[in-house]
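Inside the fold
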Amino acid sequence: MYPSREEEIKALKVRLEELRNDLNSLEARIDSKPDVNAVKVIINEQNKSDDFVSKEDVESIIYSTLQSKRFMTETDVNNVTKQIQITMIKWMIGTCLSVGTVILGVLRVINM
C-alpha cells in the first residue's frame, strides 16, 4: 500500500535533481540580466542624451505666451457686444426701410 523507503528516497532524489536543474536555469537567467547599477547607468545616460524640458523652461514658455496674448476683460466683452447690437439694429432698420420702399413701389405700380 505505502511506498517503501527506497521508493521514497528514489522519488526524493528525482525531485532534488529537478529542483537543481530549475535552480541552474534560474541562475543562468539571472546572470544574463544586467544588475541594478548597470540599469541605473543606462537610464542616466539615456536621460542625458534626450532633450528634456525642465520645469523652468515650461514655466517661462507659458509666461511668455500669456504675456504675448491680449485677453478680453468683462468690460471689453460688454463693449463689443453693445457694438454688435447697435450694428444689428442699424441693419434691421435699413432692411425694414428697404422692404417698405419696395412694397410702396409695388403698390404704386399696381394702382397705376
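Residues numbered from 1 in each chain as written. Predicted model: local features only at pLDDT ≥ 70, side-chain atom pairs only at ≥ 80, totals over all residues. Heavy atoms only, no water.

On to the overall build of the chain. The number of helices and strands found in the chain is 4 helices and 0 strands. Here the C-alpha atoms of the chain give a radius of gyration of 44 Å, more than 25% beyond the 13 Å that 2.2 N^0.38 yields for 112 residues. Seen through its principal axes, the chain has C-alpha atoms that stretch 135 × 50 × 25 Å. Taking all 112 residues of the chain together, the buried fraction comes to 0%. In the structure as shown, the chain presents an accessible area of about 11100 Å², 63% of it carried by carbon and sulfur atoms. Counting 15 positive and 17 negative side-chain charges, the chain places the averaged centre of each group 12 Å from the other. (Helix = DSSP H or I, 4+ residues; strand = E, 2+ residues; numbered from the N terminus. Rg over C-alpha atoms; globule rule 2.2 N^0.38 Å. Buried < 20%, exposed > 50% of the residue type's maximum accessible area, 1.4 Å probe, protein only. Areas by Shrake-Rupley, 256 points an atom, 1.4 Å probe, with all protein chains shown as cover. Lys, Arg positive; Asp, Glu negative; His and termini not counted. Charge placed at Lys NZ, Arg CZ, Asp CG, Glu CD.)

This brings us to the pattern of salt bridges. With the rule as written, the count across this model stands at 1 salt bridge. The closest approach of N and O atoms between R15 and E18, which form a salt bridge, is 3.4 Å. Taken together, the residues span about one helical turn, with R15 and E18 both in helix α1 (residues 5–32) at a distance of 3 residues. Residue classification places R15 among the partly exposed residues on the basis of a relative accessible area of 45%. (Salt bridge = Lys/Arg side-chain N within 4 Å of Asp/Glu carboxyl O.)

As a further point, take the confidence of the model for the chain. Scored by pLDDT, the chain comes out at a mean of 85, with 96% of its residues at no less than 70. Ranking the helices and strands of the chain by mean pLDDT puts helix α4 (residues 74–111) first, with 93, and helix α2 (residues 36–49) last, with 76. (pLDDT = per-residue confidence, 0-100.)

Below, the discussion takes up a nonpolar patch on the surface. A cluster of nonpolar residues, M72, V77, V80, I84, M88, I89, M92, I93 and L97, forms a patch on the protein surface that exposes about 850 Å² of accessible area. Its location among the elements puts I89 in helix α4. Among the residues examined, I89 registers a relative accessible area of 46% and is labelled partly exposed. (Patch = residues over 30% accessible without salt bridge, like charges linked within 9 Å, V, L, I, M, F, W, Y side chains within 5 Å.)

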